[in-house]
Amino acid sequence: MVLEGGEGSGKSTQVAALAARLRADGRDVVETLEPGGTSLGRELRALLLHHDGPLDARAELLLLLADRAQHVHEVVEPALARGADVVSDRYTPSTLAYQGVARDLGVDEVARSSRWAAGGLEPDLVIVLDVAPETAVARGASGRDRFERAGVEFDARVRAAYRDLAREHGWPLVDASGSPDEVAAEVWRHVAPLVR
Ligand code: TYD
């Protein structure tokens, strides 16, 4: 399962809450993230977020896909093979929204390259946490890294991209403006049918 959303949507809190809920049901859960779910990924993440020279959009995409390839190979596939649930903070939908739409690389082309990088592995469920950029800023998500410095217009493009992609792919869109418990309950409503 994958949780998605823009900056300040509360994804990491919800990933932790969902993993805890699944563990409470006695399930084996691997909680992970992109970029940065492996040791290679942590180095790539530092470059992606904090490299202070120019970074072309295609170069950015390739760094993200290198992170994805390593993450799928080293973390996700072994976990699935032993029967664990994998809860990932971001996956291919992030690349479609950020690089495909917001960075203008094209959703179809990005989808093809991401599928290749991931060895064709698709999530069982993608949930998009939707929050207005103003709420995200109020939650303190601004200015710390390359993406957070990209500006409100970029954030608005990312949000619109997620909403369009969610509609197109049938991904549930959860209103993330509520309290963490309210959002967690709504996330669980979508996950529960898959794990019963
Ligand atoms: P993340 O750690 O989830 O940041 P935040 O909690 O601030 O949302 O992700 C780091 C950044 O990486 C985020 O700004 C979005 C970006 N990103 C992409 O642009 N494309 C991708 O494919 C992924 C996985 C992340």
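Residues numbered from 1 in each chain as written. Predicted model: local features only at pLDDT ≥ 70, side-chain atom pairs only at ≥ 80, totals over all residues. Heavy atoms only, no water.

## Side note on the site of the ligand
Then comes step 1: Around the ligand, the structure places 16 residues, and the nearest of them are Glu7, Arg45, Arg90, Thr95 and Gln99.
Then comes step 2: Put simply, the parts of the chain that give the shell around the ligand at least two residues each are α2 (39-50), α3 (57-81) and α4 (92-102).
Then comes step 3: If you tally residues by element for the shell around the ligand, the top one is α4, at four residues. (Near = heavy atom within 4 Å. Helix = DSSP H or I, 4+ residues; strand = E, 2+ residues; numbered from the N terminus.)

## Brief notes about the layout of surface pockets
Then comes step 1: Roughly 600 Å³ of internal volume is contained in the largest pocket.
Then comes step 2: Taken together, 28 residues make up the lining of the largest pocket; nearest its centre are Glu7, Lys11, Arg45, Arg90 and Glu148.
Then comes step 3: Of all elements in the fold, only α1 (11-24), α2, α3 and α4 reach the threshold of two or more residues within the lining of the largest pocket.
Then comes step 4: By residue number, the principal contributor to the lining of the largest pocket is α4, which donates four residues.
Then comes step 5: Grouping the amino acids of the lining of the largest pocket by side-chain chemistry returns eight nonpolar, nine polar and 11 charged. (1 Å grid on protein atoms, 1.4 Å probe; cavity = no way out; pocket = protein on both sides within 12 Å on 5 of 7 lines; lining within 4 Å. Points joined across faces, edges and corners; volume = space filled by probe spheres on them. Nonpolar A, V, L, I, M, F, W, Y, C, P; charged D, E, K, R; others polar.)

## Some thoughts on the pairing of strand β4 (residues 126-130)
Then comes step 1: Summarising burial for β4: five of the five residues are buried, a large majority.
Then comes step 2: What you see with β4 is no split at all: Val126, Val128 and Asp130 on one side and Ile127 and Leu129 on the other are buried throughout.
Then comes step 3: Sheet topology note: the strand β1 (residues 2-5)/β4 ladder contains four bridges and is parallel. Of the residues in β4, the one forming a bridge with Gly5 is Leu129.
Then comes step 4: Looking at chain direction, β4 and strand β5 (residues 173-175) are connected through three bridges and run parallel. (Buried < 20%, exposed > 50% of the residue type's maximum accessible area, 1.4 Å probe, protein only. Pairing = 2+ DSSP bridges.)

## Remarks on the environment of His71
Then comes step 1: Mapped onto the fold, His71 is located in helix α3.
Then comes step 2: Between the C-alpha atoms of His71 and Pro35, which are 36 residues apart in sequence, the distance is 8.5 Å.
Then comes step 3: If we skip the residues at most four places from it in the chain, His71 touches Thr32, Leu33, Glu34, Gly37, Thr38, Val76 and Ser88. (Contact = heavy atoms within 4.5 Å.)

## Quick look at the sheet that holds β5
Then comes step 1: Strands sit in the order β2-β3-β1-β4-β5 across an open sheet of five strands; the sheet is parallel. The strands lining the two open edges of the sheet, one partner per strand, are β2 (29-33) and β5. If you compare each strand with its neighbour and ignore which way they point, the axes differ by 25° on average.
Then comes step 2: Together, β1, β4 and β5 form the strand contacts of helix α8 (residues 180-195), whose direction differs from that of β4 by roughly 155°. (Axes fitted to C-alpha atoms, helices over the stretch in contact; angles between N-to-C directions.)

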